[in-house]
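Here is what each chain is made of, one letter per residue.
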Amino acid sequence: MTDLTPLCALGAPEPRRTARGALSLTENPDLALASLALRAGETQPAPFGLTLPGPGAFNAAGEVLALWTGPGQWMLAAERSPDADFAAELRAQAPGCSITEQTGGWCCVEIASATGAAPLDRLLEKLVNLPPAALCPGRAARTGLHHLSVFVIRRSTDRLAVLGMSSAAGSLWHALDAAALRLESFA
């Protein structure tokens, strides 16, 4: 008999978690994702009551957030069970737009600091080649992290989320965990 237990992106039945000094890293398997693209002649919708953001920003309304991914394009995310059909929910909110399910293609690592912004800022300095203002609270950016293309969402001064390709979940976790471990050893 084949075991069909669902697994998280990092290959275990439960999300991976670790603490490194002031930082905690947690795999988030309950983040549903869908992309939204405007079709020619369509007006920009306000799905779930969100004003879709411009470059470098994200907006949130309740449990749903949207980040800009390109001209007329956004990624929307919501805390949902892995089997929820978030793309169908979004399609109902944005008729006339092109909606594509993205949940299975991405993994999310949530990083929190127990001592405020400084540990997250130091971590970002080690990982991404962006000026600090590009990732202040309320900002989001697509950038390179080691050899990976990722979205970094600065949820607040003490929280950020990193979205990377599910196929590279192990590499993403390793890069984040190794950098957090190096910071812990210098604290």
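Residues numbered from 1 in each chain as written. Predicted model: local features only at pLDDT ≥ 70, side-chain atom pairs only at ≥ 80, totals over all residues. Heavy atoms only, no water.

### Focus on the nonpolar core
- In this structure, Ile 111, Leu 123, Leu 145, Val 162, Leu 172 and Leu 176 are the most contacted members of the largest nonpolar core, which totals 28 residues.
- Element by element, the count of residues in this core is highest for helix 3 (residues 169-186), at eight residues.
- Every residue in contact with Leu 172, bar those within four places of it in the chain, is listed here: Cys 107, Val 109, Leu 145, Leu 148, Val 150, Val 162 and Gly 164.
- Within the second largest apolar cluster, 16 residues are counted, among which are Leu 36, Leu 52, Ala 66 and Ala 87. (Core = buried A, V, L, I, M, F, W, Y, C linked by side-chain atoms within 4.5 Å. Buried < 20%, exposed > 50% of the residue type's maximum accessible area, 1.4 Å probe, protein only. Helix = DSSP H or I, 4+ residues; strand = E, 2+ residues; numbered from the N terminus. Contact = heavy atoms within 4.5 Å.)

### Comments concerning helix 1 (residues 86-93)
- For helix 1, every residue scored as buried is listed here: Phe 86, Ala 87 and Leu 90. For helix 1, the angular spread of buried residues about the axis comes to 100 degrees, placing them on one side.
- Contacts from the buried residues of helix 1 go to strand 3 (31-37), strand 5 (64-70), strand 6 (73-79) and strand 7 (98-101). (Arc of directions from axis to C-beta.)

### Here we look at the sheet that holds strand 1 (residues 17-20)
- Taken in spatial order, the six strands line up as 1-2-8-11-10-9 in an open sheet, and their pairing is antiparallel. The open sheet has two edge strands, strand 1 and strand 9 (140-145), and neither has a second partner. Strand-to-strand twist in this sheet, taken as the mean axis angle between neighbours without regard to direction, amounts to 25 degrees.
- Pairing geometry for strand 2 (residues 23-27) and strand 8 (residues 106-113), over five bridges, is antiparallel. Within strand 8, the position partnered with Glu 27 by the bridge is Val 109. (Pairing = 2+ DSSP bridges. Axes fitted to C-alpha atoms, helices over the stretch in contact; angles between N-to-C directions.)

### Points about unusual backbone geometry
- In this model, Phe 48 sits at a positive phi of 55 degrees, which is unusual for a non-glycine residue.
- You can see Phe 48 is positioned in the loop between strand 3 and strand 4 (58-61).
- The partly exposed category is assigned to Phe 48, whose relative accessible area is 22%.
- In this structure, His 146 is a non-glycine residue whose phi angle is positive, near 55 degrees.
- Position of His 146 relative to the elements: it lies in the loop between strand 9 and strand 10 (148-156).

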